[in-house]
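Overview (structure and organization)
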Amino acid sequence: QIPKDPTQRWLRELAALSQQLQQVHPNVLAKILKQRTVYQNEEIVVIDKPYGLPVHGGPGIKNCIADVLPILAKMLENMKAEPLHLCHRLDKETTGVMVLARSKEAAEKIRLLFKTRQVEKVYWAIVLGDPDPVEGIVEIPIVEKEVQSHQSHYKMTLAPNYRLCPEDGKVMKIRKNRNAESAVTRYRRLASASACSLLELQPITGVKHQIRVHLAYGLGCPILGDHKYSHWSKLAPQKLPELTLRRLKLEQSKARHLPLHLHAHRLCLPLGQPLDFVCKLPPFFQKTLRKLELDIPKD
């Protein structure tokens, strides 16, 4: 049945879209990615990654980007039919700029640029609340931990090097967690309205789920639709402020259908001359900005 409520219909369509991407024939998926190609030369192919499509396979995943790279390579003109190679990853729900390499050598070169932090990455996210201060740098190491709850699961979390002494409230250094990876994220607020903010983010490091963890646990501003990192101990839908629900015309009971609003907006790759790629916000993201009355900054 089709919901009468436009918001629910729109959320249902988005969920259906993710499912469809899982069900289509790999050739169809490759064709979709070909249509979403924003740039290509003899070394690289840049695509605008759609929402809800995983980069890698895993349990229960039928279709992913990695699997269709050989087909996509054949579809792109002036190609030796050598499969394309992944250079970095984006979460399944993240949209936007993704770079693929046309040869092993190019892939290794680009991976090294990512590893040595020479690639400039800019993301946009809608978050709950307002970061304080409105711009700054979050520099807190991140580690993967098992969450003990009625459904045990793993999450990335903060592993700070400092804490407050309970006796006198002074800052004390604590022993470093051996498994923690250092993580640095720059952020600045572009707009705020409806108990939400639009942030521009620059991850300086590339730790798994870094932006999501730094925003949720470091700044206390989880990304809109990030149901995984809005709580620590439970797997439950995100709790949204009254005003946000009203503007989105959404009931809290339906909040679990809300998609993650994180978009890889820009990427600058220093290959010979710097190459700059921009992917505009997907329609669902633009729609949310309009509903929340968050003004999109003009590029």
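Looking at an unreviewed UniProt entry, one finds the protein named Pseudouridylate synthase RPUSD4, mitochondrial and attributed to Orthonyx spaldingii. In UniProt, the protein has this text filed under Sequence similarities (unreviewed entry): "Belongs to the pseudouridine synthase RluA family." The UniProt entry for the protein carries this comment under Subcellular location (unreviewed entry): "Mitochondrion".

Before going further, it helps to spend a moment on the overall build of the protein. A count of helices and strands for the protein gives seven helices and 14 strands. Scaling as 2.2 N^0.38, a compact globule of 299 residues should have a C-alpha radius of gyration of about 19 Å, and the protein matches this with 20 Å. Its C-alpha atoms give the protein principal-axis dimensions of about 65 × 50 × 45 Å. Relative to its full complement of 299 residues, the protein shows a buried share of 49%. For the protein, the share of sequence-separated contacts (at least 6 apart) that also reach a separation of at least 24 residues comes to 63%. Within the structure as shown, the protein displays about 15,800 Å² of accessible surface, and the carbon and sulfur contribution to it stands at 51%. Seen as two clouds, the 46 positive and the 30 negative side-chain charges of the protein have centres 4 Å apart.

There is a patch of nonpolar side chains on the surface, built from Y162, L164 and V171 and spanning about 340 Å² of accessible area. In this structure L164 comes out as exposed when scored by relative accessible area, which is 54%.

Next up on the list: the state of the cysteines. Applying the stated criterion across every chain, the model contains zero disulfides. Looking at the unpaired C64, the closest cysteine sulfur is the one in C87, lying at 16 Å. Take C64: its relative accessible area is 1%, and that puts it in the buried class.

This brings us to the packing of helix α2 (residues 26–35) against helix α3 (residues 65–75). The interhelical angle for the contact between α2 and α3, taken along N-to-C directions, is 70°, at an axis separation of 8 Å. Of the possible angle classes, the one that applies to α2 and α3 is roughly perpendicular. Crossing handedness for the pair α2 and α3: right-handed. Here P26, N27, L29, A30, K31, L33 and K34 of α2 lie close against α3, whose contacting residues are I65, V68, I71, L72 and M75. Taken together, the residues that form the contact of α2 with α3 break down as nine nonpolar, one polar and two charged.

Further remarks concern helix α7 (residues 283–291). Within α7, burial applies to F284, F285, T288 and L289. All buried residues of α7 project into a common sector of 140° when viewed along the axis, lining one side. Relative to its buried face, α7 has exposed residues pointing more than 90 degrees away, namely P283 and R290. Here the buried face of α7 lies against α1 (6–23), β4 (95–101), β5 (120–128), β12 (196–203), α6 (242–248) and β13 (262–271). Directly after α7, the chain includes E293, whose backbone phi takes a positive value near 60°.

What counts as what
Residues numbered from 1 in each chain as written. Predicted model: local features only at pLDDT ≥ 70, side-chain atom pairs only at ≥ 80, totals over all residues. Heavy atoms only, no water. UniProt positions renumbered as here; feature names shortened; annotations may be inferred. Helix = DSSP H or I, 4+ residues; strand = E, 2+ residues; numbered from the N terminus. Rg over C-alpha atoms; globule rule 2.2 N^0.38 Å. Buried < 20%, exposed > 50% of the residue type's maximum accessible area, 1.4 Å probe, protein only. Contact = heavy atoms within 4.5 Å. Areas by Shrake-Rupley, 256 points an atom, 1.4 Å probe, with all protein chains shown as cover. Lys, Arg positive; Asp, Glu negative; His and termini not counted. Charge placed at Lys NZ, Arg CZ, Asp CG, Glu CD. Patch = residues over 30% accessible without salt bridge, like charges linked within 9 Å, V, L, I, M, F, W, Y side chains within 5 Å. Salt bridge = Lys/Arg side-chain N within 4 Å of Asp/Glu carboxyl O. Disulfide = S-S within 2.5 Å. Axes fitted to C-alpha atoms, helices over the stretch in contact; angles between N-to-C directions. Parallel < 35°, antiparallel > 145°, perpendicular 65-115°, else oblique. Left-handed = near helix turned anticlockwise from the far one by under 90°. Nonpolar A, V, L, I, M, F, W, Y, C, P; charged D, E, K, R; others polar. Arc of directions from axis to C-beta.

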